Amino acid sequence: MNFFEHQDQARKNTRKLIVLFALSLLFITVTVYLAAVVTLSSSYNRSKAREAHYQAIECAEAMSEYSRLSQIALDNELQAKCSAAKKAKEFSWWNPSLFFTIGTGTVVLVGLGSLYKIQTLKAGGSVIAQEMGGRLLLADMAHPEERQLLNVVEEMAIAAGISVPAVYVMDGEQGINAFAAGFTPNDAVIGVTRGTLELLSRDELQGVIGHEFSHILNGDMRLNIRLIGVLHGLLLIYITGRIVIDWRSRDEKGNGMLAFGIALMVVGSLGLLCGRLIKSAISRQREFLADASAVQFTRNPAGIAGALDKIASHHYSSLVRTPAAESNSHLFFGTALRFNLLEELFATHPPLAQRIRRLDASKRQYAGQTPRFSSDSQAAGQESLTMGFAGGGASVTQSPHIQVDPAQVVSQVGTVTPAHYAYAKALLGQLPESLQVGIREQQGAIAIVYGLLLDSQNSALRTKQLEWLKQVEPAGVIEKTLTLSTDIEAIDPRSRLPLLDLTVPTLRQLPPEIRQRLFKCMQGLANAKGRWTLSEFALVAVLRHRLESSKATVEKAAEFATIGPIWSDCLILLSGLAQVGQTGAEAIAYAFRSGVYRLPGAGQETLPDASPACNMRTLKQSLDRLNLATPKLKQAIVDACAHTVLLDSKVTVQEAELLRAIVILLDCPMPPFLDLSQKTMTKKA
């Protein structure tokens with residue numbers, strides 16, 4: 001399956017979750033109703049028994065008092081009183097009003113509990129990491145093994161085309177485990193236990209992190225967040241039972257309330273078991289898929305298999321002891337909880353032996369292949385030649401053009417190969433030291449962003465930009481920007497987007513007011529030219545998307561499943577892209593039509609005579625609406641964008657990177673474009 005099919009599968013799993021949740025809610029409602037009926041019947045029978053006793057006495061007295069009446073009259077009165085006494089003993093187990101009351105109360109209680117939990121999780125994966133005792137890992141304070149972890153995460157993020165996730169360490173956990181959490185890749189975090197840091201080699205760590213990146217790329221995280229919210233709602237029934245019991249303890253006569261409180265606790269426990277069953281039903285197969293993706297990612301099955309072997313032999317296994325592990329157990333790389341009974345039924349992960357057995361089969365498939373990024377490899381310093389970085393020698397990719405097949409763009413979205421990973425590792429290895437230090441300092445990260453927007457061709461315009469910047473930023477930032485801009489101009493154009501992504505973890509730590517000033521300054525630097533270029537728009541939009549859009553997209557509006565409502569938005573986007581690398585009205589019109597005819601239903605929609613006018617404001621609005629398209633429809637939009645820009649499969653690096661930026665703005669992780677001509681030459685060699 002490609003990225004878009006994985007997203008569709010995640011949507012189906014969400015519907016499956018809704019169905020399972022509804023069934024659990026119905027089961028809990030019925031159980032609570034039965035508990036209430038049993039409690040009421042006990043109390044009802046006792047009170048009615050006393051009432052029937054008194055009515056029986058009255059019936060006997062009536063017989064004595066009216067003994068001189070006619071036999072018929074006596075029989076009628078006795079029949080009426082005895083009938084009333086008999087009816088008093090009757091009790092109905094079906095009470096529609098009671099069932100409706102309990103059902104409504106249960107749904108409201110569970111629903112409010114779930115909504116409250118989901119609301120608290122809107123800040124993203126960092127909330128979950130902190131809840132489980134995670135410590136944010138800062139590069140300037142990292143120990144050697146922590147620095148290695150940060151390097152692995154950075155390499156994989158660049159290879160996958162996503163922003164670098166924040167990394168947390170669970171210092172109090174000695175088990176070997178890790179997790180990924182968040183609503184979108186933009187607010188994702190990676191968490192690892194202390195045992196993972198201390199016991200795994202670099203190759204094994206790569207396998208574990210590759211597994212977690214699969215969950216990020218395949219849309220599993222959003223489903224995991226919803227699971228956490230649902231389980232919290234179900235747990236509230238158990239908490240309510242505890243409250244009822246505590247309240248009853250103040251009134252020793254409330255035996256019925258005591259029974260009801262105990263019943264609620266029992267039902268709440270059943271709800272918790274239902275939640276575990278739901279997690280088990282949804283999570284298990286995804287773990288196999290993530291293992292396979294990690295192998296495809298690294299081409300090194302021995303890495304992840306070695307991590308699983310160490311879990312199997314480790315004293316603490318993969319257990320996580322924090323109380324929050326109960327609600328978050330489905331997030332982890334390995335089984336976080338120990339089940340003494342019915343483990344096969346409640347486990348959120350497949351058995352270790354089964355996972356290792358599948359990976360052993362992969363080992364045979366990749367036998368004899370040495371991973372290009374292996375920790376033992378001595379060729380890391382030569383990867384820049386293979387990947388064609390600036391300053392890397394006589395490489396074919398130093399040509400101003402690269403070859404990219406538009407038909408392959410869709411399949412590349414969300415798909416990471418060892419070549420991408422080698423590319424990312426080489427890029428990080430060749431970044432000047434000043435930039436490597438700068439991305440980890442707040443002032444340096446801000447300066448890098450400004451440096452990416454400074455004009456390198458027009459000295460007069462560059463001077464104008466700097467003069468404007470001096471009016472709004474302190475001298476230290478200006479000096480840092482001037483120092484780093486020289487190194488930024490020297491890097492390969494394909495390094496600009498990854499460099500921007502590398503600043504994201506540091507920029508996330510900025511106070512909101514400083515972050516807003518950063519965006520205003522970026523706009524000011526772009527406005528200094530009098531007119532924004534599409535490249536400047538993409539740079540500003542991508543950074544804003546990385547830093548802010550995660551909160552805005554936690555709960556999206558209704559998705560567009562057909563092209564009709566967003567047809568005009570597609571035309572505006574393709575109109576802007578048609579002007580990339582094209583000169584002359586005919587060439588622009590041809591590029592525009594090439595993209596339009598790739599859209600579904602193009603034959604039924606109205607086609608304009610010329611490409612519509614496009615400015616940065618309308619383009620931003622159109623991208624926001626296109627972001628609400630279903631995954632299947634997004635696939636067609638990305639394909640249309642690729643055929644608009646990549647007319648003859650040969651484009652400049654800048655044009656290819658612009659296409660990458662637009663695809664990223666559609667919430668589709670796009671790995672770096674690797675030159676097809678170089679791949680061909682590599683194979684021949």
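Small disclaimer: the values here were computed from a predicted structure and weren't measured. Counting from 1, residues in each chain are numbered in the order their sequence is written. Selection of residues for local features in this predicted model requires a pLDDT of at least 70, selection of side-chain atom pairs for listing and counting requires 80 or more, and totals for whole chains, interfaces and linings are taken over all residues. Excluded from the side-chain calculations are hydrogens and water; all other atoms, namely the structure's heavy atoms, are used.

**A look at the pattern of salt bridges**
We count a salt bridge whenever a side-chain nitrogen from Lys or Arg sits within 4 Å of a carboxyl oxygen from Asp or Glu. Summed over the entire model, instances satisfying the criterion amount to 22 salt bridges. Where arginine 147 meets glutamate 154, a salt bridge forms, and the shortest distance between an N and an O atom there is 3.5 Å. Each member of the pair, arginine 147 as well as glutamate 154, carries the same accessibility label: buried. Each member of the salt-bridge network shares a partner with another, and the members are Arg135, Glu145, Glu146, Asp171 and Arg194. Burial classes: relative accessible area under 20% of the type maximum marks a residue as buried, over 50% as exposed, and values in between as partly exposed (1.4 Å probe, protein chains only).

**Structural notes on the packing of helix 7 (residues 202-217) against helix 10 (residues 301-313)**
Orientation is described by lines fitted to C-alpha atoms, with helices fitted over the stretch in contact, and by angles between N-to-C directions that extend from 0 to 180 degrees. Helix and strand assignments follow DSSP, with helices taken as H or I runs no shorter than four residues and strands as E runs no shorter than two, numbered in order from the N terminus. Direction vectors running N to C along helix 7 and helix 10 enclose 95 degrees, while the axes themselves pass 7 Å from each other. Taken as axis vectors, helix 7 and helix 10 run roughly perpendicular relative to one another. Taken together, the residues of helix 10 that come into contact with helix 7 (itself represented by Asp203, Glu204, Gly207, Val208 and His211) are Gly303, Ile304, Gly306, Ala307 and Lys310. Only Asp, Glu, Lys and Arg are considered charged, only Ala, Val, Leu, Ile, Met, Phe, Trp, Tyr, Cys and Pro nonpolar, and every remaining residue, Gly among them, polar. By residue class, the composition of the contact of helix 7 with helix 10 is 3 nonpolar, 4 polar and 3 charged. In what follows, roughly perpendicular refers to angles from 65 to 115 degrees, roughly parallel to angles under 35, roughly antiparallel to angles over 145, and oblique to any angle outside these ranges. Residues are treated as being in contact if the distance between any of their heavy atoms lies within 4.5 Å.

**Description of the sheet that holds strand 2 (residues 166-170)**
In short, DSSP must find at least two bridges between two strands for them to pair. The strand order across the open sheet formed by 4 strands is 1-2-4-3, and the pairing between neighbours is mixed. Because the sheet does not close on itself, it has two edges, and the strands there are strand 1 (135-136) and strand 3 (178-181). In the sheet, strand 2 pairs with strand 4 (residues 189-193) via 5 bridges, with the strands oriented parallel. If you follow methionine 170 over to strand 4, its bridge partner there is threonine 193.

**Examining the packing of helix 5 (residues 144-160) against helix 7**
Axis separation between helix 5 and helix 7 bottoms out at 10 Å; the angle between their running directions is 45 degrees. Taken together, the axis directions place helix 5 and helix 7 in an arrangement best described as oblique. Between helix 5 and helix 7 lies a crossing whose hand is right-handed. Side by side, helix 5 and helix 7 meet where Gln148, Leu149, Asn151, Val152, Val153, Glu155, Met156, Ala157 and Ala160 of the first sit next to Arg202, Leu205, Gln206, Ile209, Gly210, Phe213 and Leu217 of the second. Residues that form the contact of helix 5 with helix 7 fall into these classes: 10 nonpolar, 4 polar and 2 charged. Take the far helix as the reference: if the near one is turned anticlockwise from it by less than a right angle, the crossing is left-handed, and if turned clockwise, right-handed.

**Some remarks on the packing of aromatic side chains**
Aromatic pairing here means that ring centres of Phe, Tyr or Trp (its six-membered ring) are within 6.5 Å. Orientation follows from the plane angle: under 30 degrees is stacked, over 60 is edge-to-face, and everything else is tilted. A complete count under the given rule lists 3 aromatic pairs for this structure. Note on phenylalanine 179 and phenylalanine 332: the rings are 5.5 Å apart at their centroids and 70 degrees apart in plane angle, and the pair reads as edge-to-face. With phenylalanine 179 in strand 3 and phenylalanine 332 in the loop between helix 11 (325-328) and helix 12 (343-346), the pair connects residues that are 153 residues apart, well separated along the chain. A residue is classified by how much of its surface remains accessible, and phenylalanine 179, at 0% relative accessible area, is buried. Ring centres 6.0 Å apart and planes at 85 degrees place the aromatic pair phenylalanine 297 and tyrosine 421 in the edge-to-face group. In this pair, phenylalanine 297 sits in helix 9 (residues 255-298) while tyrosine 421 sits in helix 16 (residues 418-430), placing the two residues 124 residues apart along the sequence.

**A few points about the nonpolar core**
Ranked by internal contacts, the top residues of the largest apolar core, which has 137 residues, are Ile209, Leu543 and Ile637. Contacts of isoleucine 209, omitting those with residues within four sequence positions, involve Leu149, Val152, Val153, Met156, Ile190 and Val192. Note on terminology: a nonpolar core comprises buried Ala, Val, Leu, Ile, Met, Phe, Trp, Tyr and Cys residues joined through side-chain atoms within 4.5 Å. One finds Leu121, Ala166, Val189 and Leu337 within the second-largest nonpolar core, a separate group that totals 20 residues.

**Some remarks on helix 3 (residues 96-120)**
The end-to-end C-alpha distance of helix 3, which contains 25 residues, comes to 36 Å, matching closely the 36 Å that a straight helix rising 1.5 Å per residue would cover. The complete set of buried residues in helix 3 reads Leu98, Ile102, Gly103, Thr106, Val110, Gly113, Ser114, Lys117 and Ile118. Each residue after the first adds 1.5 Å to the expected span of a helix.

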